[in-house]
Amino acid sequence: MNSIYRFSLLALLALSLLTITTACKNDGSSATGASTVDHSEKPLGHLLERYLKAYPDELTAISQNEKDSAILVAMEAYNAGRYEEAIDLFPNNARSLEQAGYIQLYHGISQLMANKNFDAFNTFQRIQSSMGKAFEISNWYLVMNYVEFNNVYEARQKLEKIVADGAYPTEEAKALLKDLPKKE
């Protein structure tokens, strides 16, 4: 009985060590928490390296109320390139539909920059046209998701709509349309 107890204890200890090692494994982030995602191994990775950039901060300007302190803290992390940290800081509430759209936008961009592509895709899908400019901007980042997923057809569809509407960012959308493979 004593040897079974020791074996069980050793097995439990080994399992705990494995769990801790896995949880603490380096995820490729820099010391500041900024995401350093390498897209070069993906089929369209060179396009992501060229076109995927964080959107400038417009949320802080519309969030100067003392009730918006959580938003300001999240945007501080976002602006510093600490996207993993920012993801957890964005609140689930807003004072207006416009502010809600921007919160979702920056939350989704943070997810995309932190290589949480499926989460980002779902976040961008929740942004509605009634949320104003955030919806227009989110379409560009949905294109980045499609490129990340190697879905050239959907990326082209969104890019053509962006160009036709003269929406954000028209010139980059035209350039990316030229850079995308013709058939995929």
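Refer to the preceding data block for the structure.
Because the structure is a prediction, the values reported are computed rather than measured.

Draft legend 1. Highlighting the packing of helix α6 (residues 117-126) against helix α7 (residues 133-148). Where α6 contacts α7, the two axes come as close as 10 Å, and the packing angle between them is 150°. The orientation of α6 with respect to α7, classified from their angle, is roughly antiparallel. Here α6 and α7 pass one another in a crossing that is left-handed. Contacts between α6 and α7 involve Asn117, Ala120, Phe121, Phe124 and Gln125 on the former and, on the latter, Ser138, Tyr141, Leu142, Asn145, Tyr146 and Glu148. Of the residues in the contact of α6 with α7, the class split is six nonpolar, four polar and one charged.

Draft legend 2. Molecular detail of the nonpolar core. Judged by nonpolar contacts, the single largest core of 47 residues is most densely connected at Tyr141, Met144 and Leu176. At the level of secondary structure, the elements contributing two or more residues to this core comprise α2 (45-51), α3 (69-79), α4 (83-89), α5 (97-113), α6, α7, α8 (152-165) and α9 (170-179). Take this core: its biggest share by element is nine residues, from α7. The contacts of Tyr141, once residues within four sequence positions are left out, are Leu52, Lys53, Ala54, Tyr55, Leu105, Ile109, Leu112 and Phe124.

Draft legend 3. Highlighting the pattern of salt bridges. Under the defined criterion, the tally for this structure stands at seven salt bridges. Linking Glu85 and Arg82 is a salt bridge whose minimum nitrogen-to-oxygen distance equals 2.7 Å. Note that Lys174 and Glu171 form a salt bridge whose closest N and O atoms lie 3.5 Å from each other. On the criterion of helical spacing, the pair formed by Lys174 and Glu171 is a turn pair, its members being three residues apart in helix α9.

Draft legend 4. Molecular detail of unusual backbone geometry. Cis rather than trans, the peptide bond between Tyr168 and Pro169 has omega equal to -25°. Its location among the elements puts Pro169 in the loop between α8 and α9. If you check the backbone angles, Asn115 has positive phi at about 65° while not being a glycine. Given a relative accessible area of 34%, Asn115 falls into the partly exposed group. Although it is not a glycine, Asn150 adopts a positive phi angle of roughly 65°. With respect to the helices and strands, Asn150 occurs in the loop between α7 and α8.

Calculation rules
- Counting restarts for each chain: residues are numbered from 1 in the order of the written sequence.
- Local features in this predicted model are restricted to residues of pLDDT 70 or higher, and side-chain atom pairs are both shown and tallied only at a pLDDT of 80 or more, whereas totals for entire chains, interfaces and linings draw on every residue.
- Hydrogens and water molecules were not included; the side-chain quantities draw on all heavy atoms of the structure.
- Axes here mean lines fitted to C-alpha atoms, for a helix over just the part in contact, with angles spanning 0 to 180 degrees between N-to-C directions.
- Helix and strand definitions follow DSSP, with helices as H or I runs of at least four residues and strands as E runs of at least two, each counted in order from the N terminus.
- Should an angle lie under 35 degrees it is considered roughly parallel, over 145 roughly antiparallel, and from 65 to 115 roughly perpendicular; all remaining angles are considered oblique.
- When the near helix sits turned anticlockwise from the far one by under a right angle, the crossing is termed left-handed; a clockwise turn instead gives a right-handed crossing.
- Only heavy atoms enter the contact rule, under which two residues are in contact if any of them lie within 4.5 Å.
- Throughout this entry, Asp, Glu, Lys and Arg are counted as charged residues, while Ala, Val, Leu, Ile, Met, Phe, Trp, Tyr, Cys and Pro are counted as nonpolar. The remaining residues, Gly among them, count as polar.
- Here, the term nonpolar core denotes a set of buried Ala, Val, Leu, Ile, Met, Phe, Trp, Tyr and Cys residues that are joined through side-chain atoms within 4.5 Å.
- Using a 1.4 Å probe on the protein chains alone, a residue whose accessible area is under 20% of its type maximum counts as buried, one over 50% counts as exposed, and one in between counts as partly exposed.
- The term salt bridge refers to a pairing of a side-chain nitrogen on Lys or Arg with a carboxyl oxygen on Asp or Glu at a separation within 4 Å.

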